[in-house]
Amino acid sequence: MPLDQNPVPAQPSASSGPDRTVGQDAVDHGQDAVEETAGTPADGEDEGEGEGDGGSEGDEGGPATGAVPAAPWDIRQGGPWKHRDLAANGARFHIAELGEGPLVLLVHGWPEYWWAWRHQLTALAEAGYRAVALDLRGIGGSDRTPRGYDPGNLALDITGVIRSLGERRAHLVGHASGGTLSWVAAVMRPSVIQSLTVVSAAHPRDLRRALLTDRRQMAAFEHVLGFQRPWIPERRLVADDAALVGRYLDAWTGPNQLDRTAVAAYRQAIQIPSTAHCSIEPYRWLLRSMARPDGIQFARRMKKPITAPTLHVQGAADPVLLSHTALGGGEYVAAPYRWRLLPGVGHFPHEEAPEQFTAELLDWIGRHKD
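Positions within a chain are numbered from 1, following the residues in the order the chain's sequence is written. The model is predicted, so local features are restricted to residues of pLDDT at least 70 and side-chain atom pairs to those at 80 or more, both for listing and for counting; the totals for chains, interfaces and linings are taken over all residues. Only hydrogens and water are set aside; all other atoms, that is, all heavy atoms of the structure, feed into the side-chain values.

A.B. asks: I keep staring at the overall build of the chain and nothing clicks. Help me out?
C.D. replies: Looking only at helices and strands, the chain has 14 helices and eight strands in total. Exposure classes here rest on a 1.4 Å probe applied to the protein chains alone. A residue is buried below 20% of its type maximum, exposed above 50%, and partly exposed in between. Looking at the 370 residues of the chain, the share that counts as buried comes to 56%. For the chain, long-range pairs separated by at least 24 residues make up 79% of all intrachain contacts whose partners lie at least 6 apart in sequence. Here the Shrake-Rupley method, with its probe set to 1.4 Å, supplies the accessible areas, and only the displayed protein chains count as covering residues. Accessible surface computed for the chain: about 15200 Å², of which carbon and sulfur atoms make up 52%. Secondary structure counts use DSSP, requiring at least four H or I residues in a row for a helix and at least two E residues in a row for a strand, with both numbered from the N terminus. Pairs of residues are marked as contacts when any of their non-hydrogen atoms sit within 4.5 Å.

A.B. asks: Whenever I open this one, the pairing of strand β3 (residues 103-107) confuses me. Can you help?
C.D. replies: Residues in a regular strand point their side chains to alternate faces of the sheet. Counting buried positions along β3 gives five out of five residues, so the element sits mostly inside the fold. Neither face of β3 is open: one carries L103, L105 and V107, the other V104 and L106, and all of them are buried. Taken together, the five bridges between β3 and strand β4 (residues 130-134) define a ladder with parallel strand orientation. Paired with V104 across the two strands is A131, which belongs to β4. If the strands point away from the viewer and the path from the first strand over the helix to the second runs clockwise, then the crossover is right-handed. Considered for its hand, the β-α-β crossover made up of β3, helix α2 (residues 118-126) and β4 is right-handed. Note on pairing: DSSP must find at least two bridges between two strands before they are called paired. Where β3 lies against strand β5 (residues 170-175), four bridges are found, and the strand directions are parallel. Each residue of the ladder has a partner; that of V107, found in β5, is G174.

A.B. asks: When you look at the pattern of salt bridges in this model, what are you seeing that I'm missing?
C.D. replies: Note on definitions: salt bridges are taken to be side-chain nitrogens of Lys or Arg within 4 Å of carboxyl oxygens of Asp or Glu. This structure, assessed with the given rule, holds 19 salt bridges. In this structure, the salt-bridge partner of R92 is D85, at a minimum N-O distance of 3.0 Å. A salt bridge links R260 to D250; the nearest nitrogen and oxygen atoms lie 2.7 Å apart. Taken together, the residues span a long stretch of sequence, with R260 in helix α9 (residues 260-270) and D250 in helix α8 (residues 232-251) at a distance of 10 residues. Exposure remark for R260: the relative accessible area of 27% places this residue in the partly exposed category. Salt bridges linked by common partners bring R338, R340, E360, D363 and R367 together as one network.

A.B. asks: Please explain the packing of α2 against helix α14 (residues 354-367) as it appears in this structure.
C.D. replies: Geometry of a packed helix pair, given as the angle between the helix axes and the separation of the axes. Each axis is a line fitted through C-alpha atoms, taken for helices only over the stretch in contact, and angles between the N-to-C directions span 0 to 180 degrees. Closest axis-to-axis distance for the α2/α14 pair is 10 Å, and the angle between their directions is 45°. On the basis of the axis angle, α2 is oblique to α14. In this structure, the crossing between α2 and α14 has a hand that is right-handed. Contacts from H119, Q120, A123 and L124 in α2 reach P354, F357, T358, L361, L362 and I365 in α14. Classification used: nonpolar for Ala, Val, Leu, Ile, Met, Phe, Trp, Tyr, Cys and Pro, charged for Asp, Glu, Lys and Arg, polar for all others including Gly. Per-class residue counts for the contact of α2 with α14 are seven nonpolar, three polar and no charged. Relative orientations are named as follows: roughly parallel for angles under 35 degrees, roughly antiparallel for angles over 145 degrees, roughly perpendicular for angles from 65 to 115 degrees, and oblique for any other angle. For any helix crossing, the convention is left-handed if the near helix is rotated counterclockwise from the far helix by under a right angle, and right-handed if that rotation is clockwise.

A.B. asks: Please explain the sheet that holds β3 as it appears in this structure.
C.D. replies: Neighbouring strands of a sheet are bound in pairs by backbone hydrogen bonds; such pairs are parallel or else antiparallel. Taken in spatial order, the eight strands make up an open sheet running β1-β2-β4-β3-β5-β6-β7-β8, and their pairing is mixed. Single-partner strands in this sheet number two, and they are β1 (82-88) and β8 (337-342). The average undirected angle you get between the axes of adjacent strands in this sheet is 20°. Contacts from helix α3 (residues 151-164) reach β1, β2 (91-98), β3, β4, β5 and β6 (193-199), with the element oriented near 110° to β1. Against the sheet, helix α4 (residues 177-188) contacts β3, β5, β6 and β7 (310-315), and its axis sits at roughly 140° relative to β5.

A.B. asks: Explain the environment of R147 here, please?
C.D. replies: Among the secondary structure elements, R147 is positioned in the loop between β4 and α3. The class for R147 is exposed, based on a relative accessible area of 62%. In sequence terms R147 and R137 are 10 residues apart; their C-alpha atoms lie 9.8 Å from each other.

A.B. asks: Honestly, the nonpolar core in this entry has me stumped. Any pointers?
C.D. replies: Within soluble globular proteins, side chains that are nonpolar generally end up buried alongside one another. Working definition of a nonpolar core: buried Ala, Val, Leu, Ile, Met, Phe, Trp, Tyr and Cys residues. They are joined through side-chain atoms within 4.5 Å. Grouped together as the largest cluster of nonpolar side chains are 99 residues, with contacts concentrated most on L105, W110, Y113, W114, L134, L196 and L237. Those residues within four positions of L237 in sequence are excluded, and the remaining contacts are W110, F227, A242, L244, V245, Y248, I270, A276 and I280.

A.B. asks: So what exactly am I meant to see when it comes to α8 here?
C.D. replies: One turn of the α-helix equals 3.6 residues, which is why residues spaced by three or four share an orientation. Here α8 contains 20 residues, and its C-alpha end-to-end distance of 21 Å is more than 12% below the 28 Å for a straight helix at 1.5 Å per residue. One fitted axis covers the seven residues ending at a residue, a second covers the seven starting there, and the bend at that residue is the angle between these axes. The principal kink in α8, of about 115°, is found at D240. Within α8, 14 of the 20 residues are buried, which leaves the element mostly enclosed by the surrounding structure. A helix is expected to reach a length of 1.5 Å times the quantity of its residues less one.

A.B. asks: Sorry if this is basic, but what is going on with the environment of T180 here?
C.D. replies: Note that T180 resides in helix α4. Remark: the alpha-carbon pair of T180 and A155, spanning 25 residues in sequence, is separated by 9.0 Å. Setting aside residues no more than four positions away along its own chain, T180 makes contact with A201, A202 and P204.

Right, here's the structure in full:
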């Protein structure tokens, strides 16, 4: 059965008037650019996750009094791509795909979903590739399972999707947490990865080292530290129409801010029931496992050299994953390796500088087609 794709409505804040829908500004602003498709409500769905302590975001837009109600928002935004579901590694995954040719699998980071790759989907298809954007487990249109959010299992989700698409190998592209999983997939299933492109993500061993020894990187991961508390982070993320997610997105970009349509979409997506919880479970594993046997074993396993040609892209103005933390990933790559530092770009190179990033990506996978 398809998941309910309607976000959980947040509880009104004290400052909201009686005729005001919380977060309507974020939906109204740029509404025309996001295709609205009616979802099917699930029976017995709870009315939100409760009030949180996140503040209201100062979005632009006029009062909603008397406005025509917007159609229910849908995770499967329209476009030249097609949407479908497939099974892999014991779960169901939603993908958007476009084009024909060698497979390029695109894996989003937090707090995004498949739509983060809308620019690359069209560009890759026009260049003669089969471009597929994946919703990770627990996010977007994919299954929200009660467990399975450790990096090993999530990496097997990715390689399982490649096989479920009927392909033997793929060019794998991952951003942020999706980039971390791409490093892991290249270690665990090297024969499946034809080339690797990692964006805004340090090699897991470098990230582990930085979180144990580098005060600046620890401070940059303050939000991850906050995710370790039970229940409170989930409530804060969805409160006030996911205003906190909007503030994160604005703070993590460089001078080229994400457009308001994108910010509104990501705020909607985090409010789909259980998404806030599932999407931060990998971060809880990251910190809580550091002193546990499974975390130590994982770090040792990641010493294995990566045999896929690797493009490593980093925004110089990234305030979340610092450049000096990401630098050095080539130490673990026993294949051609290219480091690209993009000046003036923050945590989302594929959205802040889509033309520059896509040119780098096309050049790299074009060199490693065979």
